[in-house]
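Observations on the model geometry
If you want the building blocks of each chain, they are given just below.
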Amino acid sequence: PRKTPKSMRRAYANAINSAKDSIILINPYFLPTPIVRKALEKAIDDGVKVTIIISEKSDIPSIPEGVWRGGYQMMKRGAEVYMYTGGFNHSKVMCIDGKFCTIGSANLNSRSLMYDYETNLFIFGKEDTDELQHYIELDKAQSSRLTKEIYKKRSWWKRFNGWLISLVIPFV
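Residues numbered from 1 in each chain as written. Predicted model: local features only at pLDDT ≥ 70, side-chain atom pairs only at ≥ 80, totals over all residues. Heavy atoms only, no water.

1. Details of the overall build of the protein
Summing up its helical and strand segments, the protein has 7 helices and 7 strands in all. For the protein, the N- to C-terminal ordering of α and β elements is α-β-α-β-α-β-β-β-α-β-α-β-α-α. In terms of its C-alpha atoms, the protein occupies a principal-axis envelope of roughly 45 × 35 × 30 Å. Taken over 172 residues, the protein has a buried fraction of 48%. Partitioning the contacts of the protein with sequence separation of at least 6, the portion at a separation of at least 24 is 79%. (Helix = DSSP H or I, 4+ residues; strand = E, 2+ residues; numbered from the N terminus. Buried < 20%, exposed > 50% of the residue type's maximum accessible area, 1.4 Å probe, protein only. Contact = heavy atoms within 4.5 Å.)

2. Here we look at helix α2 (residues 34-45)
The α-helix advances 3.6 residues per turn, and as a result positions three or four apart in sequence lie on the same side. Compared with an ideal rise of 1.5 Å per residue, which puts 12 residues at 16 Å, α2 spans 16 Å between its outermost C-alpha atoms and is within 8% of the ideal. Along α2, the residues that are buried comprise Val36, Ala39, Leu40, Glu41, Ala43 and Ile44. Among the residues trailing α2, Gly47 stands out with phi positive, at a value near 90 degrees. (Expected span 1.5 Å × (residues − 1).)

3. Considering the side chain of Ser143
Looking at the element boundaries, Ser143 is found in strand β7 (residues 143-145). For Ser143, a relative accessible area of 16% gives the class buried. Among the polar contacts listed, one links the side chain of Ser143 to the backbone oxygen of Asp139, at a separation of 2.8 Å. Setting aside residues no more than four positions away along its own chain, Ser143 makes contact with Ile53, Tyr82, Met83, Tyr84 and Thr85. (Polar contact = N/O pair within 3.5 Å; in protein donor to acceptor, adjacent residues only side chain to side chain.)

4. Here we look at the pairing of strand β1 (residues 22-26)
Taken residue by residue, a regular strand's side chains alternate between the two faces of the sheet. Counting buried positions over the 5 residues of β1 gives 5, a clear majority of the element. A two-sided burial pattern is seen for β1, the buried positions comprising Ser22, Ile24 and Ile26 on one face and Ile23 and Leu25 on the other. Strand direction decides the pairing type here: β1 and strand β2 (residues 49-55), joined by 5 bridges, are parallel. Opposite Ile24, over in β2, you have Thr51 as the bridge partner. In this fold, the crossover linking β1 to β2 by way of α2 has right-handed handedness. In this sheet, strand β4 (residues 93-96) lies alongside β1 in antiparallel orientation, the contact comprising 4 bridges. (Pairing = 2+ DSSP bridges. Right-handed = clockwise from strand over helix to strand, strands pointing away.)

5. Observations concerning unusual backbone geometry
Note: most peptide bonds trans; most residues except glycine with negative phi. The residue Asp97 is not glycine, and still its phi comes out positive at about 55 degrees. The topology assignment puts Asp97 in the loop between β4 and β5 (100-104).

6. Focus on the nonpolar core
Ile23, Phe30, Leu40, Val50 and Ile52 are the most contacted members of the largest nonpolar core, which totals 37 residues. Breaking this core down by element, the ones donating at least two residues are α1 (4-18), β1, α2, β2, α3 (63-77), β3 (80-84) and β4. With sequence-adjacent residues up to four places away left out, Phe30 is seen in contact with Leu25, Leu40, Ile52, Ile54, Gly66, Val67, Gly70, Gly71, Met74 and Leu108. If you look at the next biggest cluster of nonpolar residues, it comprises 10 residues, including Ile26, Val93, Cys95 and Cys101. (Core = buried A, V, L, I, M, F, W, Y, C linked by side-chain atoms within 4.5 Å.)

7. Quick look at the environment of Thr33
Along the chain, the position of Thr33 falls in the loop between β1 and α2. Using a relative accessible area of 2% as the deciding quantity, one classes Thr33 as buried. Through-space distance from the C-alpha of Thr33 to that of Arg9 is 8.3 Å; in sequence the pair is 24 residues apart.

8. A closer look at the pairing of β3
Of all the 5 residues making up β3, 5 are buried; the element is thus mostly covered by neighbouring parts of the structure. Here β3 shows no split at all, with Glu80, Tyr82 and Tyr84 on one side and Val81 and Met83 on the other all buried. In terms of strand pairing, β2 meets β3 through 5 bridges, oriented parallel. The residue bridging Ile52 from the neighbouring strand is Val81, located in β3. Between the parallel pair β2 and β3, the chain is carried across by α3, and the sense of this crossover is right-handed. In this sheet, β7 lies alongside β3 in antiparallel orientation, the contact comprising 3 bridges. Looking at the pairing, Met83 lines up with Ser144 of β7.

Pasting the structure below:
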């Protein structure tokens, strides 16, 4: 258990860094640690198509504002970000280049990737990854694309809370 958070952080970062064509993520607590955020930013800068689906709602009251802000920051960088509107999507999924995927308990936040004992399954194979991507498309169909206009319609208080949450995320 003491080694798992470091291993999980590295596994996510290495998987993201290996992407050549596409990265698809679904994560309910998208508050990425610096290593994951930097890997996603580099992927976007390198021309990898990054798609992120985050839940519009959460089971933790303060989290959605930080998740919205994290999604907005990635959207500004060039990722396609979708807000899942079909309830609370608690999936933790990532697909890389349609060749491999991971699914498990790890959230893309500091708590999961720095402190908690998490377990993910990494599946290598196009057939299984295609099947998972089919289900991701079903979730995407229940989502709306995040735009600058949609984000700016949020109250200044919610945006301010998102900013505050982003400041404390590395310590939570």
